[in-house]
2 protein chains.
Amino acid sequence: MSSAQRKTAIRISRAEDFPAWFQEVVKEAEMAEPSGVRGCMVIRPWGYGVWEQIQKRFDQRIRETGHQNCYFPIFIPLDLIEKEAAHVEGFAKEMAVVTHHRLVQKDGKLVPDGQLEVPLVVRPTSETVIGEAFARWIRSYRDLPLKINQWANVVRWEMRPRVFLRTSEFLWQEGHTAHATREEAMDETATMLEVYREVVEDWLAVPVIPGEKPESERFPGAVETHCIEAMMQDGKALQAGTSHFLGQNFSRAANIQFQTKDGGLEFAYTTSWGVSTRLIGALIMTHSDDDGLRLPPAVAPAQIVILPIIRDEASEAQVMPAVEALAKRLSGERYLDLPVRVEVDRRDMNAGEKRWSWIKRGVPVILEVGPRDVASGSVAVTERTALDQKKAILPQDELVSGMSDRLAAIQKRLYDEAAAFRETRIRTDITDYEAFRAFFSKEGSDFTGGLGFVRAPWCGTRESEAKLDDLGVTIRCLPYDQGDVAGKACVLTGAPATVEAIFAKSY
Amino acid sequence: MSSAQRKTAIRISRAEDFPAWFQEVVKEAEMAEPSGVRGCMVIRPWGYGVWEQIQKRFDQRIRETGHQNCYFPIFIPLDLIEKEAAHVEGFAKEMAVVTHHRLVQKDGKLVPDGQLEVPLVVRPTSETVIGEAFARWIRSYRDLPLKINQWANVVRWEMRPRVFLRTSEFLWQEGHTAHATREEAMDETATMLEVYREVVEDWLAVPVIPGEKPESERFPGAVETHCIEAMMQDGKALQAGTSHFLGQNFSRAANIQFQTKDGGLEFAYTTSWGVSTRLIGALIMTHSDDDGLRLPPAVAPAQIVILPIIRDEASEAQVMPAVEALAKRLSGERYLDLPVRVEVDRRDMNAGEKRWSWIKRGVPVILEVGPRDVASGSVAVTERTALDQKKAILPQDELVSGMSDRLAAIQKRLYDEAAAFRETRIRTDITDYEAFRAFFSKEGSDFTGGLGFVRAPWCGTRESEAKLDDLGVTIRCLPYDQGDVAGKACVLTGAPATVEAIFAKSY
């Protein structure tokens, strides 16, 4: 049965309505759901499990590159966040503000009481509060570099929230470092962007374009913002991680000064960099299909689920011990230098429904074991990336010994598919504004409509970007792998180009 | 040189001023510090590293007992938290309230703007918001039990903050479960308290007394609160973990109903349980001495530090490769089924100062390697728990192969010392209110003064507890290992006793 013929598991297809499909995939996979709190989501165990896997890998790489974890307060006093002008300007419109520290009964109603002298902002990011600590900790060049990281929740008030993509509260990691020289801080900025690229490509199987943001898209207060940009299946861009070179802006604001080797006094150079639960949105919109989520094995909370096929008590007595033994054998195997993650689904429910629940959750490998399989020592194997193929029946030994390679092959397949898709959606043949405008204005500009990135020469001026505004397009980045623009015209203005840029609609 | 003679590393001794000593230990160990935000602390890498070790062990045990991690919103709308009357009553006085969602410039000043229709409370705990999700997720007995956990920050406004002990924001784990029967929920409450006891005693090496709280000390909204109580070196109690049986209180408030097997409709029975960064306070006040922190190996971020003794470039070339090789060998050893955690201190600073910095940080084992040690294949070993003994000089092979046993012995020594101390400070001979009052009223009731716990028969009435108020004493718990109180008189009132209780001043 080909996928064109059979009914797919997600009520709304990508072609019908991409945003509605995304919400359905999240819901059906039991990843997350909106909460009673506007703009805030509940991350359910399967979704949180993915985050834990992503976290674990980033955390490892962040440590390996010489950073230490710590934790800073969630609240930032108003007078502190005001210190860096561009920074507060950038975040003022989306800040949750704490103004009172207790509730009291008044006329039978509970009302805020105990007004704070200085209101507190719930951190949208922690440059200011960490800068204050850095100023206490850094005295001399011997204290540098100072390289720290924190895993935390942050709040940026969202008027149009979308689960995993734009939520008022989200989880993230924010790294903050201080260095004695500009060069060292710029190296750090580059190193961490490369860590992001590596983890997002190798573990999330999401291909990205690394590059620098144009001035208009910089982090508020940064001198340079570098990023990795991914393409979703509707052709839109999603910023999957950013690394900022902050120069001396925040060290001047927070007075982070150090004694140099020759006795002088200088402001430190700082950086910051972060990835968030938005990555889960990127993962979903990159890999999922009309049957639901497809998870790369590297970040799947369970890489394998075993479904016992049981008809009665007799078959249960026969099947369950075999299933438990198989689970144990598989857990003894390793993939990416970690034990393979296996789950046995013991739920008491209809077998077909159970199987589809795992397909929608995107578990990479589904194994089914019934009485006949126990007798013959075999297992029925379904890969989530090959649903329309017939189930393979394999001897247990072969299945177990081949599992690591199988997971690696699935991981590679997901990356390759995403890379191939992206390849077809990057236009490099659009050279003038008419064609550019037509490309980004066409109807049905989503999954089926062929929307994507335009890679084209750009003149590098802020004024030229005005021509993007009514198209809802932005410059995503100036990719590191620059083509030669000598003698070429800017796709927006026709003026001489200075740089190649990636243009796209985005999340 | 005995400890009585030499100068100790912490400026203020326990005997001089216990609370001030505590602050100094935290500061000198670089565990944490007050931030510019009133009541909020910055947890520095060494302190956060301890938290990560504690977290890792709890997380493992929480999973092994069948719970799944997820994440719920930090904000709770006022109308939601109002639903459980006792609950809101218990927390109203210490809630941070968000009333606005942006800042605007007004007369050159940044002020809160965009007032929320319903103010949001920053979670002091998540029963209400999780209850709302449970009501959505639970339909039938097949959905039960539902057992989840989250690692999160919570806020309870503190007027008199103390680092790690009482901070407005703290980090914790909160478990929440729903069950079909009262018995199952009570079993869960007991299981998780036992997990807490086990981890706190076996990993933090802090002996505790498990028991039930009297009504007056229950969690707001709970039917029963169970706890583990530890004794600090000043004889005060510290509640190290709580597990609550919530009955149907929260399921009625949130309408968590389920269809029973025979088609009826019933409210679920719920539980909640938590441990927090307060545990780090307990760890410090249990084990530290006048030279600073002493960490149990099970939760030390580094169990061993190697200090290279270098005088010039020649000795550096000789010593460093040997040090790196030794670190590698030691990392290959295992303790508590995990790789041994070794750090090499490469900082360019005075050797004595460096050594003392690790003593104050409480690293369990300090190794020193100089050119002569390299030549002879030996190492100088100092255990933090045996500072006043001469350094042992050991052959490397012996050191490495014995490391796991050495760490286990240090772990045991710390537990045994704490248990022995507690033994001397639990009074069971106080039988009337006069003696009770005298015991808790005496001067210098701290480290030297012999303050501690009174274990005595109690009549079980709330009225009797009024006699505790002006003494600043509370009933810490009704210990599970009850003595026989038949025919005995209540230590407070002289009325017939019904139960044995632990009385103490507390953090």
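Criteria and cut-off values
Throughout, residues of each chain are indexed from 1 in the direction in which the sequence is written. The naming scheme follows written order: chains are lettered A onward, ligands numbered 1 onward. Only residues with pLDDT of 70 or above have their local features reported here, since the model is predicted, and side-chain atom pairs are shown and tallied only from 80 upward, although totals for entire chains, interfaces and linings are computed over all residues. Excluding hydrogens and water, the side-chain values take into account all heavy atoms of the structure. Runs of E in the DSSP output that reach at least two residues are strands. Runs of H or I that reach at least four are helices, and both are numbered from the N terminus. We compute the radius of gyration from the C-alpha atoms alone; for a globule the expected value is 2.2 Å times N to the 0.38, where N is the number of residues. Burial classification: accessible surface area is computed with a 1.4 Å probe over protein chains only, and a residue below 20% of its type maximum counts as buried, one above 50% as exposed, and the rest as partly exposed. Contact criterion: two residues are considered in contact whenever any of their non-hydrogen atoms come within 4.5 Å of each other. Each accessible area is a Shrake-Rupley estimate made with a 1.4 Å probe; only the visible protein chains count as cover when residues are assessed. Under the convention used here, Asp and Glu are negative, Lys and Arg are positive, and both His and the chain ends fall outside the count. To locate a charge, take atom NZ for lysine, CZ for arginine, CG for aspartate or CD for glutamate. By definition, a salt bridge exists where a carboxyl oxygen of Asp or Glu is found within 4 Å of a side-chain nitrogen of Lys or Arg. Throughout this description, a polar contact denotes any pair of N or O atoms lying within 3.5 Å of each other; where both atoms belong to protein, one of them has to be capable of donating a hydrogen while the other can accept it, and for residues adjacent in sequence the pair is counted only when both atoms sit in side chains. Asp, Glu, Lys and Arg are counted as charged, while Ala, Val, Leu, Ile, Met, Phe, Trp, Tyr, Cys and Pro are counted as nonpolar; the rest, among them Gly, fall into the polar class. Note on pairing: DSSP must find at least two bridges between two strands before they are called paired. Boundary definitions for the domains trace back to an automatic or database domain assignment. Note on terms: buried area is the combined drop in 1.4 Å-probe accessible area of two parts once they are placed together, counting the loss on both. When the copies are superposed, the least-squares fit draws on C-alpha atoms of residues that have pLDDT of at least 70 in both. Structural elements are reduced to axes, namely lines fitted to C-alpha atoms, with helices fitted over the stretch in contact, and the angle between N-to-C directions of any two is expressed from 0 to 180 degrees. UniProt positions are given in the numbering used here, feature names are shortened, and annotations may be inferred rather than shown by experiment. With respect to orientation, any angle under 35 degrees is reported as roughly parallel, any angle over 145 as roughly antiparallel, any angle of 65 to 115 as roughly perpendicular, and every other angle as oblique. For a crossing to be left-handed, the near helix must be turned anticlockwise from the far one by less than a right angle; the clockwise case is right-handed.

Draft legend 1. Structural context of the overall build of chain A. Along the backbone of chain A there are 15 helices and 25 strands. Since a compact globule built from 507 residues should have a radius of gyration of about 23 Å, the 26 Å found for chain A is in line with a globular shape. C-alpha atoms of chain A, sized along the principal axes, occupy 80 × 60 × 60 Å. In chain A, which comprises 507 residues, the proportion classed as buried is 61%. By sequence separation, contacts in chain A at least 24 residues apart represent 71% of the contacts at least 6 residues apart. Working note: accessible area of chain A is about 20,100 Å², and carbon and sulfur atoms make up 48% of it. Charge centroids of chain A, computed over 63 positive and 74 negative side chains, lie 2 Å from each other.

Draft legend 2. Expanded view of the pattern of salt bridges. Residues and elements named next belong to chain A. One pass over the structure, following the stated rule, counts 70 salt bridges over all chains. Here Asp113 makes a salt bridge to Arg102, at a shortest N to O gap of 2.9 Å. Note that Asp113 is positioned in strand S6 (residues 109-122) and Arg102 in strand S5 (residues 97-106), a separation of 11 residues in sequence. Taking the relative accessible area as the measure of exposure, Arg102 reaches 27% and is therefore partly exposed. Note that Arg384 and Asp289 form a salt bridge whose closest N and O atoms lie 2.8 Å from each other. Remark: Asp289 occurs in the loop between helix H8 (278-287) and strand S15 (304-308) and Arg384 occurs in the loop between strand S20 (378-383) and strand S21 (392-395); sequence separation between them is 95 residues. The exposure classification of Arg384 matches that of Asp289, with both residues buried.

Draft legend 3. Local environment of the environment of Glu24 of chain A. Residue and element names in this part refer to chain A. Following the sequence through the fold, Glu24 ends up in helix H1 (residues 18-28). Classification of Glu24 by relative accessible area gives buried; the value is 8%. Separated by 135 residues in sequence, Glu24 and Met159 place their C-alpha atoms 21 Å apart.

Draft legend 4. Quick peek at the interface of chain A and chain B. Listed by partner, the interface residues are 57 residues for chain A and 57 residues for chain B. Put simply, chain A and chain B have 6 salt bridges between them. Linking Glu52 of chain B and Arg63 of chain A is a salt bridge whose minimum nitrogen-to-oxygen distance equals 2.9 Å. Between the two partners, chain A and chain B, sit 30 residue pairs in polar contact (both at pLDDT 80 or more). Split by residue class, the side of chain A that touches chain B holds 35 nonpolar, 8 polar and 14 charged. Note: S5 of chain A against strand S5 (residues 97-106) of chain B, 3 bridges, orientation antiparallel. Bridge assignment links His100 of chain A to a residue of S5 of chain B, and that residue is Val97 of chain B.

Draft legend 5. Spatial organisation of the domain arrangement of chain A. Residue and element names in this part refer to chain A. What the domain assignment lists for chain A is domain 1 (18-287), domain 2 (304-413) and domain 3 (426-505). Here the C-alpha centroids of domain 1 and domain 2 sit 39 Å apart. Of the residues lining the interface, 9 residues belong to domain 1; the matching set on domain 2 comes to 8 residues. Contact with domain 2 buries surface across domain 1, with Glu28, Trp46 and Trp203 losing the most and accounting together for 57% of the total. For Lys360, the salt bridge is made with Glu28, and the minimal N-O distance between the two is 2.7 Å. Linking domain 1 with domain 2 are 6 residue pairs in polar contact (both at pLDDT 80 or more), by the criterion used here.

Draft legend 6. Spatial organisation of the relation of the copies chain A and chain B. Here chain A sits on chain B after a turn of 180 degrees about the axis and a move of 0.0 Å along it, with an RMSD of 0.0 Å. With respect to symmetry, the two chain copies, as superposed, fit the operation of a two-fold axis. Residue Val98 of chain A, judged by its C-alpha, is the member of chain A lying nearest the rotation axis, at 2.1 Å. Counting the interface residues of chain A, we find that 100% of their copies in chain B are interface residues as well, pointing to one common contact surface.

Draft legend 7. Region of interest: the sheet that holds strand S8 (residues 169-179) of chain B. Residue and element names in this part refer to chain B. Read across the open sheet, the 11 strands follow the order S3-S7-S8-S14-S11-S10-S9-S24-S25-S23-S22; overall the sheet is mixed. Bordering the open sheet on either side are strand S3 (68-69) and strand S22 (426-427), each of which pairs with just one other strand. Along the sheet, helix H5 (residues 127-137) contacts strand S7 (146-155), S8, strand S11 (237-247) and strand S14 (269-276); its crossing angle with S8, the most-contacted strand, is approximately 30 degrees. Packed on one face of the sheet, helix H6 (residues 182-202) meets S7, S8, strand S9 (208-212), strand S10 (224-231), S11 and S14 and runs near 165 degrees to S11.

Draft legend 8. Looking closely at H8 of chain A. Among the 10 residues that make up H8 of chain A, 10 are buried, leaving the element largely enclosed by the rest of the structure. What H8 of chain A keeps buried is the set Arg278, Leu279, Ile280, Gly281, Ala282, Leu283, Ile284, Met285, Thr286 and His287 of chain A.

Draft legend 9. Summary view of the UniProt feature "domain: Aminoacyl-transfer RNA synthetases class-II family profile" (unreviewed entry) in chain A. Following the UniProt record, one finds the feature "domain: Aminoacyl-transfer RNA synthetases class-II family profile" (unreviewed entry) at residues 47-296 of chain A. Across residues 47-296 of chain A one finds 31% helix and 35% strand; the C-alpha atoms that close the span lie 13 Å apart.

Draft legend 10. Structural context of the pairing of strand S8 (residues 169-179) of chain A. Residue and element names in this part refer to chain A. The buried fraction of S8 amounts to 11 of the 11 residues, a majority that puts the element mostly inside the structure. Burial of the side chains of S8 extends over both faces: Glu169, Leu171, Gln173, Gly175, Thr177 and His179 are buried on one face and Phe170, Trp172, Glu174, His176 and Ala178 on the other. Looking at chain direction, strand S7 (residues 146-155) and S8 are connected through 10 bridges and run antiparallel. Looking at S8, one finds that Asn153 is bridged to Leu171.

Draft legend 11. Spatial organisation of the packing of H1 of chain A against H8 of chain A. Residue and element names in this part refer to chain A. Between H1 and H8, whose axes approach to 11 Å, the crossing angle comes to 110 degrees. By the angle class used here, H1 and H8 are roughly perpendicular. The element H1 and its partner H8 pack so that their crossing is right-handed. Here Phe18, Trp21, Phe22, Val25 and Val26 of H1 come into contact with H8, specifically with Gly281, Ile284 and Met285. In the contact of H1 with H8, the residues fall into 7 nonpolar, 1 polar and no charged.

Draft legend 12. Spatial organisation of the environment of Gln482 of chain B. Residue and element names in this part refer to chain B. Along the chain, Gln482 falls in the loop between strand S24 (474-479) and strand S25 (499-504). The partly exposed category is assigned to Gln482, whose relative accessible area is 34%. Each C-alpha atom, one on Gln482 and one on Pro457, is 9.7 Å from the other, the two residues being 25 residues apart in sequence. Beyond its immediate chain neighbours, meaning those up to four positions away, Gln482 contacts Val499 and Glu500. Separated by 2.9 Å, the side chain of Gln482 and the backbone oxygen of Pro479 make a polar contact. Polar side-chain contacts of Gln482 include one of 2.7 Å to the backbone nitrogen of Glu500.

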